[in-house]
Amino acid sequence: MEDYQNIQVPGRALYTNARQLLDLVYTKGVNTCMLFLAALKQVLPEAHGATIPFSECCSNLEKKQEPQTTFTQTLLAQRPSLVSQLQDCTDDALDALLASGHFTPAEYDEVQLPIHTPSQKARRLLDHVRSKGEVAAEILLQYIQQKQTSGSPVNKEKWNTPKEFFKYQKKLSSSLAAQSCFLSTYGGTSNMSLEDIYTEGHLELPHDCIGVHGSLGLEDIIGVAGTVNEEADTILVSGEAGSGKSTLLQRLHLLWAQGAAFQDFLLLFPFSCRRLNSEQRELSVKDLLFQHCCWPDREQDEIFQFILDHPHLILFTFDGLDELKQSFSDEHRLCCPTQCAPVPILLFNLLQGCLMKGVQKIVTSRPEAVGPALKKHLRKEVLLKGFSQAGIGCFVRKHHSDPTVAAKVLESLQTNTALLGLCHSPVLCWIVSQCHKELLGCGDGSPQTITDVYLMILRHFLQHKSPVKNSIGFGWIKEHLDTVLHLGQLAFEGIRTSCYIFSDTEMNACGVTEKDISTGFLTQSTGLSSVHAKMYEFLHVTMQCFFAALYTVLSTNTDHYIIPKLFESHVMKEMNMNSTCFGICLPSVEQQQQVSEREAMAVEITNLQMTATFLSGLLSQRHRSLWLNCCPRATVEKKVKEVVRCLSKSLRKHFRSIPKPVDGEKKSMHAMPDFVWLVKCIYEMQESSIAKDAMSKLDVNHLKLTYCNIGPVECTALTFVLQHLKNPVGLQLDYNSVGDVGVEQLLPCMPICYSLYLRNNNITDEGISKLIAKVIQCDNFQKIALFNNMLTDACTQHFSQLLKTKQNFISLRLGNNNITAEGAKQLAQGLKVNHSLQYLGLWGNKIGDVGAEALANALESSKTLVWLSLVCNGVGNAGACALANIIKNSTSLEELWLTDNCITKTGAECLIQALEHNTHVKSVWLKNNNLSVEEVEEMAQREPRLIL
């Protein structure tokens with residue numbers, strides 16, 4: 001991004017920009033030059049391109065490329081590390097280069113321009129040095145090495161701190177420690193110590209981050225892994241409502257304040273976007289830091305100047321960007337930290353780096369609230385997926401001091417996998433732990449849905465505050481009807497206007513009394529400016545949505561269009577998104593405004609959909625009796641019919657949008673997240689008739705639900721609905737968060753699946769054992785794909801049994817797991833007796849020669865195998881020679897993939913000889929093995945089916 005902006009300078013002549021581009025490309029080395037030539041060839045008109053000898057240029061560049069590593073290549077290869085080491089000592093490095101005669105005073109001044117951040121200065125220094133050649137690069141590298149060996153770390157800065165700075169640092173950390181020591185989410189109920197209750201959530205990088213897999217730790221959030229834009233300073237932690245984002249930041253704050261982690265930052269400033277909504281004044285950055293976080297007792301100007309001079313030593317956190325009333329926009333630019341502006345504009349300029357460039361910023365948000373306008377300014381994104389199964393057990397045991405109670409709660413969860421799936425959400429796990437007495441005493445009525453869980457916490461809080469006279473039966477809501485209606489109206493109005501913090505005026509308008517507040521569903525909002533009176537917020541945004549749904553059911557004052565609006569919100573979203581195709585006709589300012597409006601609507605729609613989900617559950621058959629004591633039966637039944645009508649209408653509209661299949665292909669539906677939401681609404685209603693009716697209208701052969709954020713809760717809902725499909729389907733759930741619990745929830749719908757794709761879903765051997773035990777009994781089931789999960793050799797015995805049992809099974813793909821030669825031997829036992837398998841994929845495992853030989857022995861007489869992949873498995877010559885027997889004997893094999901292995905000419909010769917006996921094989925892939933350039937050329941001429 002920095003390079004792009006340096007070249008695309010508005011108002012500068014095009015030929016100057018062109019020269020700048022050529023100079024920059026040259027400094028970045030041979031590979032960049034070749035990429036540039038390839039790009040230039042694509043964009044130049046054919047007539048112009050004919051005048052440039054592209055092939056000759058590339059040939060010359062290849063000749064220039066030396067096999068040994070040079071000093072300039074070291075600068076390129078180790079650039080991120082060198083930037084980190086140089087950013088605090090560019091002055092000394094420049095002095096060394098100036099003294100050696102390799103830098104001029106003008107070049108010195110250009111690197112040291114005050115508009116550049118320390119990291120930008122380091123990068124410009126590296127670019128200049130690389131353009132000057134080997135000698136200059138050697139001098140710079142020697143300087144860095146001398147600094148390291150002299151015992152004076154390169155990144156050790158001589159801070160000229162104000163006298164009061166460390167007093168202020170101590171005051172800030174003391175304030176943060178006091179704010180963070182008790183769990184602040186869910187109203188800080190029961191004064192739970194954060195140290196005692198905190199349980200790590202599952203953090204991971206997005207699926208498109210190459211080469212990075214598995215769970216991350218808290219400190220990895222600011223690490224280099226997953227960086228997509230090293231010029232940016234903003235890190236996004238995204239997660240669904242209730243996934244633990246606020247608690248994660250609170251833990252980060254506490255660790256910093258205690259000196260236990262994040263000590264690279266001298267100051268940490270925390271902000272709540274929900275509370276910033278209430279700030280009506282225009283502020284400067286200085287006002288924002290000192291008035292909203294911690295005010296220095298003395299030397300305010302000097303401390304603020306230190307912050308401006310050392311941005312890389314400062315960390316900002318912004319919790320709940322999705323709750324900011326104004327959506328992100330980069331329309332209004334602000335560069336001066338002392339200039340006052342509305343808080344949203346101030347915040348947006350901080351996030352995009354116009355203000356306080358170099359300061360690290362961590363921002364949390366629900367994913368749907370973050371659009372392209374903000375994403376282009378992100379350094380990286382980290383996904384928070386809630387609790388793992390182990391995390392659920394850890395949280396429950398921490399929540400209950402009595403281990404006997406904790407054991408009973410966990411035992412209850414294990415017998416109710418639907419509820420266990422819900423507990424992957426920390427907020428729901430907290431509710432279940434709070435209501436352990438109700439949970440353990442409910443017998444067959446154990447909660448199954450999200451609505452069940454929230455009704456349980458509603459009853460728990462109401463009875464805890466004032467025990468109801470009629471605790472048995474359905475009268476308990478009626479005895480607290482006024483409180484429920486008052487809080488419900490407040491929640492409803494808040495959802496309608498995107499308001500999450502309420503003033504006395506707003507609460508009085510809804511009739512909220514001190515008695516209503518004392519029930520515990522509202523908590524006083526702290527951290528606002530002193531000019532405000534008392535402000536209140538619901539324990540959690542999901543609780544606000546729940547009360548808004550309660551109000552929709554119980555109130556007689558709501559308009560008749562409220563329910564259709566809740567269920568048609570996704571239609572408005574689609575219409576709004578689809579309108580972007582007309583956006584190119586609008587001026588850029590109008591385009592930006594349209595994008596901002598879409599992002600704001602995305603947040604509003606999410607809360608409306610959550611409210612609609614609760615409404616579906618509240619109007620289910622199992623809960624209707626609660627409301628008949630509070631409002632007329634006819635009114636309740638009318639609302640039930642309206643919800644059913646809206647669900648059916650929305651699904652019909654979704655199904656009508658399915659495109660017709662291409663000739664020769666199966667009819668496929670790529671479901672959008674809104675489809676998953678509608679399915680969850682049907683599940684909350686627990687009405688099989690609605691599910692049957694919906695599935696009777698779905699006529700597809702393949703249902704694709706990739707990247708839909710599907711976890712165990714969604715798996716439960718999908719199973720409830722999909723098991724009513726008329727015909728078998730292929731179910732594709734790649735790149736979600738299904739996990740072992742989700743796999744168990746999917747089991748009832750396996751009889752209607754002929755294929756199941758679960759790539760990248762954090763599934764272990766435990767989940768596979770249950771899955772295979774089920775699908776062995778399913779006649780239709782023929783294919784499974786489990787690429788990039790957490791499988792080991794322990795799972796292969798189950799797959800071996802599957803292969804032995806099912807003689808109609810055709811595709812097994814287990815790439816990029818942890819399967820070794822032992823696992824391959826287990827699979828071989830099943831392969832020997834299977835007479836149907838056509839596709840076997842074991843890419844990216846560790847089977848080696850021994851595993852390859854075992855597989856080859858099992859498959860050499862196969863009459864069905866079409867495709868076999870053992871890419872990147874450490875296979876050498878012995879394995880290749882064994883696999884050659886498959887080629888020699890097979891009448892069905894078409895492709896064999898052995899890319900990225902250790903095969904030399906000896907192994908390749910075995911494969912070539914085998915190919916001479918088989919004309920049916922189309923290709924054998926041998927790229928990136930231990931073959932010389934001459935051997936590759938010679939073999940390619942002898943056997944064109946070798947892909948080298």
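The name given to the chain in an unreviewed UniProt entry is Nucleotide-binding oligomerization domain containing 2, with Sphaeramia orbicularis as the source organism. The record held by UniProt for the chain lists under Sequence similarities (unreviewed entry) the comment "Belongs to the NOD1-NOD2 family."

Let us look at the overall build of the chain. Broken down by element type, the chain carries 45 helices and 21 strands. Contacts in the chain between residues at least 24 apart in sequence constitute 77% of all its contacts with a sequence separation of at least 6. Element-wise, carbon and sulfur atoms account for 52% of the exposed surface of the chain, whose accessible area totals about 41500 Å².

With that settled, the discussion passes to the packing of helix α27 (residues 481-497) against helix α30 (residues 541-554). Pairs of packed helices are described in terms of their axes, by the angle between the two and the distance that separates them. Closest axis-to-axis distance for the α27/α30 pair is 7 Å, and the angle between their directions is 115°. Overall, the two elements α27 and α30 adopt an arrangement that is roughly perpendicular. Pair α27 / α30 crosses with left-handed handedness. Here L481, V484, L485, L487, G488, Q489, A491, F492, G494 and I495 of α27 come into contact with α30, specifically with Q544, C545, F547, A548, L550, Y551, T552 and L554.

The strands making up a sheet are joined through hydrogen bonds of the backbone, oriented either antiparallel or parallel. Ordered by their spatial adjacency, 6 strands build an open sheet running β1-β8-β2-β7-β5-β3, and the pairing between neighbours is mixed. Edge positions in the open sheet fall to β1 (203-204) and β3 (267-272), since each of these has one partner strand only. With 2 bridges connecting them, β1 and strand β8 (residues 378-384) associate as antiparallel partners. Residue E204 lies in a different strand from β8, and its bridge partner there is L383. Contacting β2 (234-238), β5 (314-319) and β7 (360-365), helix α18 (residues 343-352) crosses the sheet at an angle of about 125° to β5.

Generally, phi is negative for residues other than glycine and the peptide bonds are trans, each holding for most cases. One non-glycine residue, F262, adopts positive backbone phi at about 60°. Looking at the element boundaries, F262 is found in the loop between α14 (245-257) and β3. Phi at N760 is positive, roughly 55°, even though this residue is not glycine. Here N760 is to be found in the loop between β14 (753-757) and α39 (765-775). Take N760: its relative accessible area is 11%, and that puts it in the buried class.

With that out of the way, let us pick up the pairing of β3. Of all 6 residues that make up β3, 5 are buried, and the element is covered over most of its length. The pairing of β3 with β5 spans 6 bridges and is parallel. Pairing of L268 across the sheet is with L315, part of β5.

Where the model shows low pLDDT, its predicted coordinates should not be examined in detail. Confidence along the chain averages 84 in pLDDT terms, with 85% of residues attaining 70 or more. Low confidence marks residues 151-157, where pLDDT is under 50. Its contacts with residues over four positions away, or in another chain, come to 15 contacts. Residue range residues 571-600 is modelled with pLDDT below 50. Its contacts to residues more than four positions away, or to other chains, number 34 contacts.

When you line up the elements, A884 lands in helix α43 (residues 877-889). In this structure A884 comes out as buried when scored by relative accessible area, which is 4%. Residues A884 and A856 lie 28 residues apart in sequence; the distance between their C-alpha atoms is 8.3 Å. Excluding its chain neighbours within four sequence positions, the residues that come into contact with A884 are C910, L911 and A914.

Glancing now at the sheet that holds strand β11 (residues 668-670). Strands sit in the order β11-β12-β13-β14-β15-β16-β17-β18-β19-β20-β21 across an open sheet of 11 strands; the sheet is parallel. Each edge of the open sheet carries a strand with a single partner, namely β11 and β21 (946-947). Two elements, strand β17 (residues 839-841) and strand β18 (residues 867-869), share 3 bridges in a ladder whose sense is parallel. Note that in β18 the partner of Y839 across the bridge is W867.

As a further point, take the side chain of S433. In this fold, S433 is placed in helix α23 (residues 426-434). Taking relative accessible area as the criterion, S433 reaches 0% and is therefore assigned buried. Ignoring anything within four residues of it in the chain, the contact list for S433 reads F395, V396, H399 and H400.

Counting across every chain of the model gives 26 aromatic pairs. Seen in terms of ring centroids, F387 and F395 are 5.4 Å apart; in terms of plane orientation they differ by 35°. Their pairing is tilted. As far as the burial class goes, F387 and F395 line up, both buried. A centroid spacing of 4.9 Å and a plane angle of 70° characterise the contact between F521 and F547, whose relative ring orientation is edge-to-face. Of the two residues, F521 is situated in the loop between α29 (514-518) and β9 (522-524) and F547 in helix α30; the sequence distance between them amounts to 26 residues. No difference in accessibility class separates F521 from F547, as the two residues are buried.

Moving on: the environment of K408. Within the element layout of this structure, K408 appears in helix α21 (residues 403-414). On the basis of relative accessible area, K408 is assigned to the partly exposed category, the value being 47%. Taking C-alpha positions, K408 is 9.9 Å from L439, a pair spaced 31 residues apart along the chain.

Now for the nonpolar core. Membership of the largest hydrophobic core comes to 258 residues, with the highest contact counts inside it found for F269, F567, W627, L705 and F799. For this core, the leading source of residues is α30, giving 10 residues. Within the second largest apolar cluster, 21 residues are counted, among which are L82, V111, L125 and A136.

Examined against the element boundaries, T483 turns out to sit in helix α27. The exposure class assigned to T483 is buried, which follows from its relative accessible area of 6%. Once residues lying within four places of it in the same chain are set aside, the contact partners of T483 are D516 and T519.

Attention now moves to the pattern of salt bridges. This model, assessed by the stated rule, comprises 28 salt bridges. With a closest N to O distance of 2.9 Å, D322 and R366 form a salt bridge. One end of the pair, D322, is in the loop between β5 and β6 (341-342); the other, R366, is in the loop between β7 and α19 (372-375), with 44 residues separating them in the sequence. Of the residues examined, D322 reaches a relative accessible area of 5% and is grouped as buried. Note that K697 and D693 form a salt bridge whose closest N and O atoms lie 2.7 Å from each other.

A separate point is the environment of P632. Secondary-structure assignment places P632 in the loop between α33 (624-628) and α34 (633-656). Sequence separation between P632 and L554 is 78 residues, and the spatial gap between their C-alpha atoms is 9.7 Å.

A few words now on helix α36 (residues 688-696). Restricting attention to buried positions, one finds in α36 the residues I690, A691, A694 and M695. The arc enclosing the buried residues of α36, seen along the axis, measures out at 125°, which places them on a common side. Looking at the buried side of α36, the elements it contacts are α34, α35 (673-685) and α37 (712-722).

In this section: helix α17 (residues 300-309). Taken residue by residue, α17 has Q300, I303, F304, F306 and I307 as its buried positions. The buried residues of α17 occupy an angular sector of 150° when the element is viewed end-on, so they sit on one face. Where the residues of α17 are buried, they touch α12 (165-180), β3, α16 (285-292) and β5.

For β8, the buried fraction is high: 7 of the 7 residues fall into the buried class. Alignment of β2 against β8, held across 5 bridges, turns out to be parallel. Along β8, the bridge assignment pairs V237 with V382.

Further remarks concern the packing of helix α20 (residues 389-399) against α23. Closest axis-to-axis distance for the α20/α23 pair is 10 Å, and the angle between their directions is 40°. Here α20 is positioned oblique relative to α23, judged by the angle of their axes. For the pair α20 and α23, the crossing hand works out as right-handed. Counting all contacts with α20, which are made through I392, F395, V396 and H399, the residues of α23 involved are C429, W430, S433 and Q434. For the contact of α20 with α23, a count of residues per class yields 5 nonpolar, 3 polar and no charged.

Definitions and cut-offs
Residue positions are counted from 1 within each chain, in the order its sequence is given. Thresholds applied to this predicted model are a pLDDT of at least 70 for local features of residues and 80 or more for the giving and counting of side-chain atom pairs; totals over whole chains, interfaces and linings are not thresholded and use all residues. Side-chain numbers come from the whole structure's heavy atoms, not from hydrogens or water. UniProt positions are given in the numbering used here, feature names are shortened, and annotations may be inferred rather than shown by experiment. The helix count covers DSSP runs of H or I at least four residues long, the strand count covers runs of E at least two residues long, and both are numbered beginning at the N terminus. The contact criterion used throughout is that any non-hydrogen atoms of two residues lie within 4.5 Å. To measure how exposed things are, a 1.4 Å probe is used in the Shrake-Rupley method; for residues, cover is taken only from the protein chains shown. Axis angles are defined between N-to-C directions and span 0 to 180 degrees, where every axis is a line fitted to C-alpha atoms and, for a helix, only to the segment in contact. Angles below 35 degrees are treated as roughly parallel, those above 145 as roughly antiparallel, those between 65 and 115 as roughly perpendicular, and all remaining angles as oblique. When the near helix sits turned anticlockwise from the far one by under a right angle, the crossing is termed left-handed; a clockwise turn instead gives a right-handed crossing. At least two DSSP bridges between two strands are needed for those strands to be called paired. Only protein chains enter the calculation, and the probe is 1.4 Å; a residue is then buried if its accessible area is under 20% of its type maximum, exposed if over 50%, and partly exposed in between. One number per residue, pLDDT, summarises how confident the predictor is, and it ranges from 0 to 100. Pairing of aromatic side chains requires ring centres within 6.5 Å, counting the rings of Phe and Tyr and the six-membered ring of Trp. Pairs whose planes differ by under 30 degrees are stacked, by over 60 edge-to-face, and all others tilted. Definition of nonpolar core: a set of buried residues of the types Ala, Val, Leu, Ile, Met, Phe, Trp, Tyr and Cys, connected through side-chain atoms within 4.5 Å. One side-chain nitrogen of Lys or Arg within 4 Å of one carboxyl oxygen of Asp or Glu is enough to make a salt bridge. Throughout, the arc means the angular range of directions from the helix axis out to the C-beta atoms. In this count, Pro and Cys sit with the nonpolar residues alongside Ala, Val, Leu, Ile, Met, Phe, Trp and Tyr, while Asp, Glu, Lys and Arg are called charged and the others, Gly among them, polar.

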